[in-house]
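# Fold and contact review
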Amino acid sequence: MKQMVRSFLTYSRKAPLTQQLSIPSAVIHPAIVRLGLQYSQGIVAGSNARSIALLHAFKQVISDYTTPSNEELSRDLVNKLKPYISFLNQCRPLSASMGNAIKYIKKEISNIPSQFKEDDAKKKLLNCIECFIEEKIVLAAKAIAKSSIEKINDGDVILVYGCSSLVNHILCEAFEKGRKFRVIVVDSRPRLEGREALRRLVQKGISCTYVLISAVSYILPEVSKVFLGAHALLANGYVMSRVGTSQIALVAKAFNVPVLVCCETYKFCERVQTDSFVSNELDDPDDLIVTRKGETQLKDWQQVPRLGLLNLVYDVTPPDFVDLVITDLGMIPCTSVPVVLRVKNVDLL
Amino acid sequence: MPGPYRETDLTEKVEAFLSDLKRGGSGTGPLRGSAETARETTALLRRITAQVRWSSAGDLMEVIRKEGRRMSAAQPSETTVGNMIRRVLKIIREEYARSRGSSEEADQQESLHKLLTSGGLSEENFRQYFTALKANVIEAINELLTELEGTTDNIAMQALEHIHSNEVIMTIGRSRTVEAFLKDAARKRKFHVIVAECAPFCQGHEMATSLSKDGIETTVITDAAIFAVMSRVNKVIIGTQTVLANGGLRAVNGTHTLALAAKHHSTPLIVCAPMFKLSPQFPNEEDTFHKFVSPHEVLPFTEGEILSKVNVHCPVFDYVPPELITLFISNIGGHAPSYIYRLMSELYHPEDHEL
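Residues numbered from 1 in each chain as written. Chains lettered and ligands numbered in written order. Predicted model: local features only at pLDDT ≥ 70, side-chain atom pairs only at ≥ 80, totals over all residues. Heavy atoms only, no water.

### Digging into the overall build of chain A
In plain terms, the rule: Numbering goes from the N terminus for both helices and strands, where a helix is a DSSP run of H or I of at least four residues and a strand is a run of E of at least two. Here the radius of gyration uses the C-alpha set of atoms, whereas the globule reference equals 2.2 Å times the residue count to the power 0.38. Relative accessible area decides the class of each residue, using a 1.4 Å probe on protein chains only: under 20% of the type maximum gives buried, over 50% gives exposed, and in between gives partly exposed. By definition in these notes, contact holds between two residues if any of their heavy atoms fall within 4.5 Å. Only the protein chains shown count as cover for residues, and all accessible areas are computed by the Shrake-Rupley method using a 1.4 Å probe.
A count of helices and strands for chain A gives eleven helices and 13 strands. Computed over its C-alpha atoms, the radius of gyration of chain A comes to 22 Å, within 12% of the 20 Å expected for a compact globule of 349 residues. Dimensions of chain A, computed from the C-alpha atoms along their principal axes, are close to 70 × 55 × 35 Å. Burial statistics for chain A: of 349 residues in total, 55% are counted as buried. Here the analysis covers contacts within chain A between residues at least 6 apart in sequence; of these, 80% occur between residues at least 24 apart. Of the roughly 15400 Å² that chain A leaves accessible, carbon and sulfur atoms contribute 52%.

Set out below in structure tokens:
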């Protein structure tokens, strides 16, 4: 178990990132360097935010790109992007949504016909990226909000976990349309992202309650529905999301409360995974340290030979805990994810 | 004069104990473990028996009940106080019955047969005076105190039967009983412990530092990672604040999630609880079951702008139903949750359930 913990790629946020990397940052486009630093410091966080930031950075890269002589744009640009992508991966492992966005861009680039002039090709690519953001993220959010509002009734008590941009959007839309409900925001250490969601909802005027995840058994009897966001939906129906989501789904199931997951289709991915250990991201373990009543218990944990801290970022929720997945293609059960993936792949061909 | 002087001394001690209880529960005073509270309660009751003037068992029981009600009212969530009072009341009944010469079985439980033949409740008004009663009661209370001293060790002695090498054990928060249990097993076996920190008080951190100092491989995880990590765990061993009459638990918050995760992965859930934590309460009293502390632990005052518009809850305890528990380990051995009602009838008399 100890070896397993140590074998994950751990990093501490205190050490500057650029000293630890193997690729010299001189050959990387400055927009990408900035993006990498923002990822590793946690300034840009959240699946959608990271994808949009990535696409904007790529737009910058493409505008600044000039095809060298004797090279074709469609092949050379893809090769140029490879080191950028591994740089970003080293700063922070790529999310499933980012992976799908990159796949899309690479496909678009290789489909550029060779007779296109450079300016036209660049304009086309920039247009494609704009379309992707517009369709897959912005419009998808609108469509999901529209279907979700049907599921929110007056007098509902809705439980949300952490800060999902999509779920916040849905709740704000429903509130604007005049639905009467109240929200319970569940939060967990060490990230305490729920406070951000709390701020956004309270600003809108929604009445909220706030608890930590250990109190979820106390608060669940009051809840009528649980809305969860997702980081990715895996091909075997498992939902990959912020750590703690599977727990909330488990307790909700025990209390017979419906669990609805909201996820755009661009986050569906081909991977399969059955537990949270085989592939996960580790966060800075020093975040777990806390000072209470003047005492910091775990201050020198690194000196103690037998003590370890584990700070997981994601976990997977089995499909039997999830009652419904709301996507831009409609409301589907968890088990239909591979069907959607197949349909999408056929479309792209 | 020795009489009144001793009585004021006694009242002082009782008052000091009551104010200690009141302060300890709000989290501001020094946190005391349940074993300490049980010992102090029993010592105080012995003092009351020795010093207060009483002539018959009935009088003594009245005095103890009165003081007992005051003590439980000082800190309703500290059930060990009430439990010890009920134990002492049962001791008094037993000693009285022994002095009278009637057998122990006679007034054990009420059976249908007894109800029909005796024509109503048995006439026990405890009015007879016995010279040796005081000495007997005090001796029995001393035995109870010795039993209390040895509970943690008795539980820890059973550790080697339940933990084998290379196991991964999960626990939550900080329980002195579980700490002693694991440390005893660690003398002969090598295993790994995962501690869930149990926010917002994060007592899991203290537990982890203490265990790792004794040479046990420990990992601290957040409460949110309990289900994620459960697939790697072989056993879950927890402590509890109270064992309820139906075999359920009143334990620190987060325990219900832990129990559900263990059930989902079919991992055994073992509860280490000494007998003095057994309480005749049932979990259906909505108002008295939960205890809350200051919500500033959850959402601090630094979040000023949203504080006034948000409801914040910080419950301290969780209810865990008996179906999720595999085994209770107490100082008298291991039991299934379905056996708890029987143990209760041996420890407490049914008329004392309501103090």
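### Some points on the overall build of chain B
A count of helices and strands for chain B gives 14 helices and eleven strands. Taking all 355 residues of chain B together, 54% fall into the buried category. The contacts in chain B between residues at least 6 apart in sequence include a share of 80% that link residues at least 24 apart. A total accessible area of about 15800 Å² is found for chain B, and carbon and sulfur atoms account for 52% of it.

### Topic: helix H7 (residues 165–176) of chain A
All names here are of chain A. What counts here: Working rule for helices: expected span equals 1.5 Å times residues minus one.
The end-to-end C-alpha distance of H7, which contains twelve residues, comes to 17 Å, matching closely the 16 Å that a straight helix rising 1.5 Å per residue would cover. All of the buried residues in H7 are Leu166, Val167, Asn168, Ile170, Leu171, Cys172 and Ala174. Taken together, the buried residues of H7 touch helix H6 (118–151), strand S1 (156–161), strand S2 (181–187), helix H8 (194–204), strand S4 (225–229) and strand S7 (259–262).

### Examining the interface of chain B and chain A
Cut-off, in case you're wondering: What counts as buried area is the accessible surface, traced by a 1.4 Å probe, that two parts surrender upon association, with contributions from both included. One speaks of a salt bridge when a side-chain nitrogen belonging to Lys or Arg is within 4 Å of a carboxyl oxygen belonging to Asp or Glu. The nonpolar class holds Ala, Val, Leu, Ile, Met, Phe, Trp, Tyr, Cys and Pro. Asp, Glu, Lys and Arg form the charged class, and all remaining residues, Gly among them, are polar. The rule for pairing is simple: two strands pair if DSSP sees at least two bridges between them.
Facing 52 residues of chain B, the contacting portion of chain A comprises 51 residues. For the pairing of chain B and chain A, the buried interface totals around 4600 Å² over both sides, and the portion due to carbon and sulfur atoms is 64%. The interface formed by chain B and chain A includes four salt bridges. Across the salt bridge formed by B:Arg232 and A:Asp275, the nearest N and O atoms sit 3.6 Å from each other. Secondary-structure elements contributing two or more residues to the side of chain B that touches chain A are strand S2 (192–196), helix H9 (203–213), strand S3 (217–221), helix H10 (226–230), helix H11 (255–264) and strand S8 (310–312) of chain B. Of the residues in the side of chain B that touches chain A, the class split is 25 nonpolar, 18 polar and nine charged. Strand direction decides the pairing type here: strand S3 (residues 208–212) of chain A and S8(B), joined by three bridges, are parallel. Bridge assignment links A:Cys208 to a residue of S8(B), and that residue is B:Val310.

### Details of the pairing of S2(B)
Residues and elements named next belong to chain B. Let me state the cut-off plainly: Here the term right-handed applies to a crossover when the path leading from its first strand over the helix to its second strand runs clockwise, the strands being oriented away from the viewer.
Extensive coverage of S2 is indicated by the burial of five of its five residues. A two-sided burial pattern is seen for S2, the buried positions comprising His192, Ile194 and Ala196 on one face and Val193 and Val195 on the other. The pairing of strand S1 (residues 168–172) with S2 spans five bridges and is parallel. Counted as the bridge partner of Thr171 is Val195 from S2. In the classification by handedness, the crossover that spans S1, the intervening helix H8 (residues 176–186) and the parallel S2 is right-handed. For S2 and S3, the ladder comprises five bridges, and the chain directions are parallel.

### Things to note about the environment of B:Gln128
Residues and elements named next belong to chain B. For Gln128, the location among the structural elements is in the loop between helix H5 (112–118) and helix H6 (133–157). Judged by relative accessible area, which is 42%, Gln128 ranks as partly exposed. Spatially, the C-alpha atoms of Gln128 and Ala57 are 7.4 Å apart, while their sequence positions differ by 71 residues.

### Focus: the packing of H6(A) against H7(A)
Residues and elements named next belong to chain A. Our working definition: The axes used here are C-alpha line fits, helices contributing only the stretch in contact, and every angle between their N-to-C directions lies in the interval 0 to 180 degrees. Put simply, angles under 35 degrees are roughly parallel, angles over 145 are roughly antiparallel, angles from 65 to 115 are roughly perpendicular, and the rest are oblique. Crossing handedness: left-handed means the near helix sits turned counterclockwise from the far one by under a right angle, and right-handed means the same turn made clockwise.
The interhelical angle for the contact between H6 and H7, taken along N-to-C directions, is 55°, at an axis separation of 9 Å. The orientation of H6 relative to H7 falls into the category oblique. The two elements H6 and H7 cross, and the hand of that crossing is right-handed. Each of Ala141, Lys142, Ile144, Ala145, Ser148 and Ile149 in H6 lies in contact with H7, whose residues at this interface are Leu166, His169, Ile170, Glu173 and Ala174.

### Digging into the side chain of A:Thr265
Residue and element names in this part refer to chain A. Here Thr265 lies in the loop between S7 and strand S8 (291–292). Thr265 sits in the buried class, given a relative accessible area of 4%. For Thr265, the residues in contact, after removing those within four places along its chain, are Thr327, Asp328, Leu329, Val340 and Lys344.

### Thoughts on the pairing of strand S7 (residues 269–272) of chain B
Residue and element names in this part refer to chain B. Residues Leu269 and Val271 of S7 are buried on one face, and the alternating residues Ile270 and Cys272, pointing to the opposite face, are buried as well. Direction of pairing for strand S4 (residues 235–238) relative to S7: parallel, over a ladder of three bridges. Bridged to Ile237 within S7 is Ile270. When S7 meets strand S10 (residues 327–330), the two strands line up parallel, connected through three bridges. Looking at the pairing, Val271 lines up with Phe328 of S10.

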